[in-house]
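# Geometric and topological summary
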Amino acid sequence: MRDTSHLTAAGPLGASAPPLSLAHSKRGSEHERQADERLLVYFSRAPEDALVDHLKLCGWTVSLARTPSDCARLIRPDVPYAGIVDLSRFTARELAALETSLRQPLVGWVALASPDRLDEPDVRRLIRSYCFDYLRLPAAAQTVDYLAGHAFGMVTLTDLDLVAGMASVGDDEMVGTCDAMQQLFRTIRKVANTDAAVFISGESGTGKELTAVAIHERSPRRNQPFVAINCGAIPHHLLQSELFGYERGAFTGANQRKIGRVESANGGTLFLDEIGDLPLESQASLLRFLQEGRIERLGGRESIAVDVRVISATHVDLESAMRDGRFRADLFHRLCVLRIDEPPLRARGKDIEILAHHILHKFKTDSARRIRGFAPSAIEAIHKYNWPGNVRELINRVRRAIVMAEGKLIGADDLDLAQFTEQQTMTLAQAREAAEKRAIESALLRHRHRLNEAATDLGISRVTLYRLMGSHGLRDPAASEEKAGEADDSGEGKTATE
Ligand SMILES: Nc1ncnc2c1ncn2[C@@H]1O[C@H](COP(=O)(O)OP(=O)(O)OP(=O)(O)O)[C@@H](O)[C@H]1O
Ligand SMILES: [Mg+2]
């Protein structure tokens, strides 16, 4: 059973709606009954009756497909099939259109081709890329049956849960089948129907922006602008004019009126990203706008009503920022009427693997060689690793592996995660170092990068922790300078205490 209520309107920023992939990981008896049935799809412009009769006699339930759209209609994405594709019956021009049909993950294809067509590069490529085997025509019906049985047997070994997760996933979709993601999708649908402010909290790279876009695209405002502002990226002295705009002559160089980002979102959704990085001065004017629903452009006297739905996000721990006086509590309560917590990748179980396959599928053309999937070592490492950088890190590692892999399967070493497999050989020093890095990473994650707490957990000083973070490459370069200053100011000695 798949959710079919996907919405796919394109947003004004060019972001296509990310349909929520709600594929269920468990399938029922209907599926099992179908799998026992030995389904076969015979894809040919001119199917041969004698072959069809023979296959039926051999116990196959045969479906005939003459065109790619027949294939799309006939083939269920969650049930295994044997497939026979008669490439000699398609013209050279038609071959390109076959690729989508041949790419179906649960069809084990056997190609039929006349000897002359086997010389064509496109025919050879399709066979090499998508078929278990091929036969030169004319071929004996018994041999076709034998090879179809073999291909069918192989395809029934496929991990069906994985395919179910992949089946409904397009390029820009939000992937998720685990309970935490299903809960997230339900929440997105619920909050989309209201105008209340939404606050999205989550570690870096968990999909906060994707969630904000998903809410907008499912809301009644979907045909109006979605305006994203990265509060951390705009220099402080420009922030006011960026947010609220200015009138001509407001300051030297203001030669004409400029509409601010808040005003340009009128009627739509305003996404305040990295809200935790908003300087205190700007927090006051944002709060005023949220209370009154009106703005004033710099240098202007007119008060302008602006109707926006506000979504904000941060990876910073705002509760502790409020305690430290770096974030206004009254602003937080305005922003956080509804709260969404993005689950970290390491808490998504099988979804990590499904996402890895999704990313591989999306980027595999980055490599000239044909990569078929992940080796068992890679799958093992994917599940053992902690993913501090979440989905963004997974994307980066898989993309790198696609380029680096020398075989047909991506291994743990291509993902740079060899130390997370059992099979690796490692010196004791390497093992110690890897364990130290893991312990530091998880303490930092537990305490959302609050160094004092993480250091206490680890039984070392903050200065030592900071130094070790440097040697393990765990320092955020942007925050390095600031944190280094804090570490020096902390009054702690520079003695290593571990
Ligand atoms: N569930 C998901 N399915 C597919 N792709 C995802 C999913 N979640 C995140 N991504 C992808 O991961 C990347 C990071 O997502 P996004 O930018 O939304 O994260 P973020 O939480 O805003 O990160 P940051 O804190 O670094 O700004 C994007 O390329 C996004 O498309
Ligand atoms: Mg983001």
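The model shown is predicted, which means the values in this text are computed figures rather than measured ones.

### Re the overall build of the protein chain
- What the protein chain contains, in helices and strands, is 21 helices and 16 strands.
- Within the span of the protein chain, comprising 498 residues, buried residues form 36% of the whole.
- Long-range contacts, defined here as pairs at least 24 residues apart, represent 74% of the contacts in the protein chain between residues at least 6 apart.

### Topic: the site of ligand 1
- The environment of ligand 1 is made up of 16 residues, and the closest members are Val-175, Gly-207, Lys-208, Glu-209 and Val-391.
- Residue assignment for the shell around ligand 1 shows that the elements contributing at least two residues are helix H9 (208–217) and helix H17 (390–404).
- Class assignment for the residues of the shell around ligand 1 results in 6 nonpolar, 7 polar and 3 charged.
- Counting only domains with at least three residues in the shell around ligand 1, you end up with domain 2 (179–341) and domain 3 (345–420).

### Here's the deal with the sheet that holds strand E6 (residues 198–201)
- In spatial order, the strands read E7-E10-E13-E6-E14; together these 5 strands make up an open sheet with parallel pairing. Because the sheet does not close on itself, it has two edges, and the strands there are strand E7 (226–230) and strand E14 (338–341). Taking each pair of neighbouring strands and ignoring which way they run, the sheet shows an average axis angle of 20°.
- Taken together, the 4 bridges between E6 and E14 define a ladder with parallel strand orientation. Among the inter-strand pairings, Val-198 is bridged to a residue of E14, identified as Leu-338.

### So, the sheet that holds strand E5 (residues 131–136)
- Spatially, E2-E1-E3-E4-E5 is the arrangement adopted by the 5 strands of the open sheet, whose pairing is parallel. The two strands at the open ends of the sheet, each matched to only one other strand, are strand E2 (61–65) and E5. Averaged over all neighbouring strand pairs, the angle between strand axes comes to 20°, with direction disregarded.
- Its contacts with the sheet place helix H6 (residues 141–155) against strand E1 (39–43), strand E3 (81–86), strand E4 (107–113) and E5, and it is angled at close to 150° to E4.

### A word on the confidence of the model for the protein chain
- Considering every residue of the protein chain, the mean pLDDT works out to 83; 85% of them sit at 70 or more.
- Confidence, read as mean pLDDT per element, is least for helix H21 (residues 477–489) in the protein chain (47) and greatest for strand E13 (residues 309–314) (97).
- In this model, residues 167–171 is a region of pLDDT below 50 whose contacts with residues beyond four sequence positions or in other chains number 11 contacts.

### Things to note about the environment of Arg-257
- With respect to the secondary-structure elements, Arg-257 resides in the loop between strand E8 (245–246) and strand E9 (258–259).
- Classification of Arg-257 as partly exposed rests on a count of 14 C-beta atoms within 10 Å.
- Sequence-wise, Arg-257 and Glu-247 are 10 residues apart; in three dimensions their C-alpha atoms are separated by 4.3 Å.
- Excluding residues that lie within four positions of it along the chain, Arg-257 makes contacts with Glu-247 and Arg-248.

### A few points about the pairing of E6
- By the alternation rule, side chains of E6 split into Val-198 and Ile-200 and Phe-199 and Ser-201, which are all buried.
- Direction of pairing for E6 relative to E13: parallel, over a ladder of 4 bridges. The residue of E13 that forms the bridge with Val-198 is Ile-311.

### Focus on the packing of helix H8 (residues 179–192) against H9
- It is the contact of H8 with H9, at a shortest axis distance of 8 Å, that shows an interaxial angle of 45°. When the interaxial angle is binned, H8 and H9 end up oblique. Classified by chirality, the crossing of H9 by H8 is right-handed. Facing Ile-188, Val-191 and Ala-192 of H8, the residues of H9 in contact are Thr-211, Ala-214 and Ile-215.

### Digging into the environment of Gly-153
- Inspection of the secondary structure assignment puts Gly-153 in helix H6.
- For Gly-153, a count of 13 C-beta atoms within 10 Å puts it in the partly exposed group.
- C-alpha of Gly-153 to C-alpha of Tyr-81: the two residues are 72 residues apart in sequence and 9.3 Å apart in space.

### Regarding helix H19 (residues 451–458)
- Buried within H19 we find Leu-451, Ala-454 and Ala-455. Looking straight down H19, one finds that the buried residues subtend no more than 100° of arc, so they occupy a single side.
- Remark: Gly-459 follows H19 within two positions and exhibits a positive phi of approximately 70°.

### Observations regarding the packing of helix H4 (residues 95–102) against helix H5 (residues 121–130)
- For the pair H4 and H5, the least separation of the axes is 11 Å and the interaxial angle reads 5°. With respect to their mutual orientation, H4 and H5 come out roughly parallel. Side by side, H4 and H5 meet where Leu-95, Leu-98 and Leu-102 of the first sit next to Asp-122, Val-123, Leu-126 and Tyr-130 of the second.
- In terms of residue class, the contact of H4 with H5 is made up of 6 nonpolar, no polar and 1 charged.

### Let's talk about unusual backbone geometry
- Here Leu-137 and Pro-138 are connected by a cis peptide whose omega angle stands at 0°.
- With respect to the secondary-structure elements, Pro-138 resides in the loop between E5 and H6.
- Even without being a glycine, Glu-274 presents a positive backbone phi close to 50°.
- Topologically, Glu-274 is positioned in the loop between strand E10 (269–273) and helix H12 (280–292).

### Remarks on the pairing of E2
- With 5 bridges connecting them, E1 and E2 associate as parallel partners. Looking at the pairing, Leu-39 lines up with Thr-61 of E2.
- Each parallel crossover has a hand, and the one from E1 via helix H2 (residues 49–57) to E2 is right-handed.

### A closer look at the environment of Thr-100
- Along the chain, Thr-100 turns up in helix H4.
- In this structure, the C-alpha to C-alpha distance between Thr-100 and Cys-71, residues 29 residues apart in sequence, is 9.3 Å.

Parameters at a glance
Residues numbered from 1 in each chain as written. Chains lettered and ligands numbered in written order. Predicted model: local features only at pLDDT ≥ 70, side-chain atom pairs only at ≥ 80, totals over all residues. Helix = DSSP H or I, 4+ residues; strand = E, 2+ residues; numbered from the N terminus. Buried ≥ 20, exposed ≤ 12 C-beta atoms within 10 Å, placed from the backbone. Contact = placed C-beta atoms within 7 Å. Near = placed C-beta within 6 Å. Nonpolar A, V, L, I, M, F, W, Y, C, P; charged D, E, K, R; others polar. Domains from an automatic or database assignment. Pairing = 2+ DSSP bridges. Axes fitted to C-alpha atoms, helices over the stretch in contact; angles between N-to-C directions. pLDDT = per-residue confidence, 0-100. Parallel < 35°, antiparallel > 145°, perpendicular 65-115°, else oblique. Left-handed = near helix turned anticlockwise from the far one by under 90°. Arc of directions from axis to C-beta. Right-handed = clockwise from strand over helix to strand, strands pointing away.

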